[in-house]
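If you want the building blocks of each chain, they are given just below.
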Number of protein chains: 2
Amino acid sequence: MSRWEPNARGRLEQAALDLYRERGFDQTTVTEIAERAGLTERTFFRYFTDKREVLFWGQERLRELYVRTIETAPESTAPIDTVVLALEAAVPVFHERRELARQRQAVIDANPGLQERELLKRAALAAAVTEALRKRGVADPVASLAADVGVIAFKTAFARWVNSPDEPDLSQLIREALDQLKAITRDDR
Amino acid sequence: MSRWEPNARGRLEQAALDLYRERGFDQTTVTEIAERAGLTERTFFRYFTDKREVLFWGQERLRELYVRTIETAPESTAPIDTVVLALEAAVPVFHERRELARQRQAVIDANPGLQERELLKRAALAAAVTEALRKRGVADPVASLAADVGVIAFKTAFARWVNSPDEPDLSQLIREALDQLKAITRDDR
């Protein structure tokens, strides 16, 4: 109905991140986000169901990308390598959106309710990865252990990446986190 | 004020678990729990803040036990072994309460809201373990990786233990889960 607005999603996202950091997530309204972006509320709701979704819409895309990558991985790939392939498939998306990812993380770090949402979304991603591995014939508990190890490695790598001033390669950090994980369990009797 | 009721906490807990399984958690009221236990609502609220706490009060005790065990572990103990000591310190509690743990799990498995609460509580336990390791001088990210590995191993072991008809030793299952975790990461290039 209304006229086409160039990059409306990106403008809304940036306006929201700016306001969340300036005023706090809870204190920001959709009206204010639309206004800051120079768009209407109606346009906002064409892209996002609510103000929280501005922070979490990417997770659904991640889920799809992970599942597709696992589905199409060579049959002989070991479970943990399949998970690493999936995590690495998403790395270019993160590299492209590094500044947004950093701003998003600052908003989430400042809000316990959003941290809970992030934890639940991460658990949902792990469940999707587990399910995709099972479909490849990976038995339990290997499927869920491999998915959980992937989540831990990614979480650890992401925390370093997002706060590091020198833009390191996220794939490299994922592999380093996995190596640290291996070293830690090797200490075990 | 009111007279002492023998094992009021245990009676309330069992009445609640029975009702949650019969009617569902959402459909059960505190009034009904107290009535089923042959106690007053006032007595209920002396032990629990609400009906959800009946399922989650144990987590605070677990947290204390984990943190205390980590604090008192021999200085030379490796991070992952320190975490395993903490998990094992809680095993007798689980063994004693196996039937209650099984019933509690059935209630949680039937209710997505409770599953979310369980995830958040587990994350809080991992954070407490991470913090306790840091206080021993374990650096990041080793502290959080060791805590997360412990959570995964325990989750995997617990799922087997709670559903197994032959009452296996939970400590043994924790060690097996850790061995599986090691085997999985060893596959990695």
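S.K.: Provide a residue-level description of the overall build of chain A, including the pertinent values.
M.R.: Counting its secondary structure elements, chain A contains 10 helices and zero strands. For chain A, the succession of helices and strands along the chain, N to C, is α-α-α-α-α-α-α-α-α-α. Along the first, second and third principal axes, the C-alpha set of chain A runs to 60 × 35 × 30 Å. The 189 residues of chain A split such that 50% are buried. For chain A, contacts bridging at least 24 residues in sequence account for 63% of all contacts bridging at least 6.

S.K.: An account of helix α4 (residues 53-72) of chain B is needed here, citing residue identities and associated values.
M.R.: Residues spaced three or four apart along an α-helix point in a common direction, a consequence of the helix completing one turn every 3.6 residues. All names here are of chain B. With 20 residues, α4 ought to run about 28 Å at 1.5 Å a step, and its terminal C-alpha atoms sit 29 Å apart, in line with that. For α4, the set of buried residues is V54, L55, F56, W57, Q59, L62, L65, Y66, V67, T69 and I70. Its buried side turned inward, α4 meets α1 (8-23), α3 (41-47), α5 (79-89), α6 (91-96), α7 (98-109) and α8 (112-135).

S.K.: Lay out the domain arrangement of chain A with the relevant residues and their values.
M.R.: Residue and element names in this part refer to chain A. Annotation of chain A at the domain level lists domain 1 (8-47) and domain 2 (53-186). One C-alpha centre belongs to domain 1, the other to domain 2, and the line joining them spans 27 Å. Contact with domain 1, which involves 12 residues of that partner, is made by 13 residues of domain 2. Carbon and sulfur atoms supply 63% of the area that domain 1 and domain 2 bury against each other, a total of about 1,100 Å² over both sides. The three residues of domain 1 that bury the most area against domain 2 are E13, L17 and R21, which together make up 47% of that side's buried surface. A salt bridge links R97 to E13; the nearest nitrogen and oxygen atoms lie 2.6 Å apart.

S.K.: Describe the relation of the copies chain A and chain B, with residues and values.
M.R.: Superposition of chain A onto chain B requires a rotation of 180° combined with a translation of 0.0 Å along the rotation axis, giving an RMSD of 0.0 Å. Taken together, these values place the two copies in the relation of a two-fold axis. Residue K182 of chain A, judged by its C-alpha, is the member of chain A lying nearest the rotation axis, at 3.4 Å.

S.K.: For the interface of chain A and chain B, give the residues involved together with the corresponding values.
M.R.: By a widespread convention, an interface's size corresponds to the accessible area lost as its parts come together. Facing 30 residues of chain A, the contacting portion of chain B comprises 29 residues. Carbon and sulfur atoms make up 66% of the area that chain A and chain B hide from each other, which totals about 2,900 Å². Run the count over chain A and chain B and you get two salt bridges. Where chain A packs against chain B, one counts two residue pairs in polar contact (both at pLDDT 80 or more). Of all the elements in the fold, those that place two or more residues in the side of chain A that touches chain B are α5 (79-89), α8 (112-135), α9 (142-163) and α10 (170-186) of chain A. Split by residue class, the side of chain A that touches chain B holds 16 nonpolar, three polar and 11 charged.

S.K.: Could you give an account of the confidence of the model for chain A, naming the residues involved and the relevant values?
M.R.: Residue-level pLDDT values for chain A average 93, and 97% of them are 70 or greater. Across the predicted assembly, pTM comes out at 0.90 and ipTM at 0.87.

S.K.: Summarise the packing of aromatic side chains; cite the residues concerned and give the values.
M.R.: What describes a pair of aromatic rings is the distance from one ring centre to the other and the angle between the planes of the rings. Applying the stated criterion to the full structure yields 16 aromatic pairs over all chains. When the ring of F158 of chain A is compared with that of W161 of chain A, the centres are 5.7 Å apart and the planes differ by 45°; the resulting orientation is tilted. Placement of the pair is F158 of chain A and W161 of chain A together in helix α9, with a separation of three residues, close to one helical turn. Both residues of the pair, F158 of chain A and W161 of chain A, count as buried. Ring geometry for F44 of chain B and F48 of chain B: centres 5.4 Å apart, planes at 45°, overall tilted. The class for F44 of chain B is buried, based on a relative accessible area of 0%. Here F48 of chain B falls in the buried class, since its relative accessible area comes to 1%. Among the aromatic residues, those joined into a cluster by ring pairs are F94, F154, F158 and W161 of chain A. Geometry around W161 of chain A places R98 of chain A over its ring, the cationic atom sitting 5.3 Å from the centre.

S.K.: Report on the packing of helix α1 (residues 8-23) of chain A against helix α4 (residues 53-72) of chain A, specifying residues and quantitative values.
M.R.: Residues and elements named next belong to chain A. Between α1 and α4, whose axes approach to 9 Å, the crossing angle comes to 130°. It follows from the interaxial angle that α1 and α4 lie oblique. For the pair formed by α1 and α4, the contact residues are R9, E13, A16, L17 and Y20 on the first element and V54, L55, W57 and R61 on the second. Classifying every residue of the contact of α1 with α4 by side-chain character gives six nonpolar, no polar and three charged.

S.K.: Can you tell me about the packing of α4 of chain B against α5 of chain B, naming the residues and giving the values?
M.R.: All names here are of chain B. Packing of α4 against α5 brings their axes to within 8 Å, and their N-to-C directions diverge by 135°. The orientation of α4 with respect to α5, classified from their angle, is oblique. In the packing of α4 onto α5, the handedness of the crossing is right-handed. Residues L65, Y66, T69 and I70 of α4 form the contact with α5, whose participating residues are T82, L85, A86, L87 and A89. Residues that form the contact of α4 with α5 fall into these classes: seven nonpolar, two polar and no charged.

S.K.: Mind laying out the side chain of Q103 of chain B, listing which residues take part and the relevant values?
M.R.: All names here are of chain B. Along the chain, Q103 turns up in helix α7. Relative accessible area serves as the criterion here: at 6%, Q103 is assigned to the buried category. Not counting residues up to four positions away in its chain, the partners in contact with Q103 are Q14, L17, D18 and R21.

Criteria and thresholds
Residues numbered from 1 in each chain as written. Chains lettered and ligands numbered in written order. Predicted model: local features only at pLDDT ≥ 70, side-chain atom pairs only at ≥ 80, totals over all residues. Heavy atoms only, no water. Helix = DSSP H or I, 4+ residues; strand = E, 2+ residues; numbered from the N terminus. Buried < 20%, exposed > 50% of the residue type's maximum accessible area, 1.4 Å probe, protein only. Contact = heavy atoms within 4.5 Å. Expected span 1.5 Å × (residues − 1). Domains from an automatic or database assignment. Buried area = accessible area lost by both parts, 1.4 Å probe. Salt bridge = Lys/Arg side-chain N within 4 Å of Asp/Glu carboxyl O. Least-squares fit on C-alpha atoms with pLDDT ≥ 70 in both. Polar contact = N/O pair within 3.5 Å; in protein donor to acceptor, adjacent residues only side chain to side chain. Nonpolar A, V, L, I, M, F, W, Y, C, P; charged D, E, K, R; others polar. pLDDT = per-residue confidence, 0-100. Phe/Tyr/Trp six-rings, centres within 6.5 Å; stacked < 30°, edge-to-face > 60°. Lys NZ or Arg CZ within 6 Å of the ring centre and 35° of its normal. Axes fitted to C-alpha atoms, helices over the stretch in contact; angles between N-to-C directions. Parallel < 35°, antiparallel > 145°, perpendicular 65-115°, else oblique. Left-handed = near helix turned anticlockwise from the far one by under 90°.

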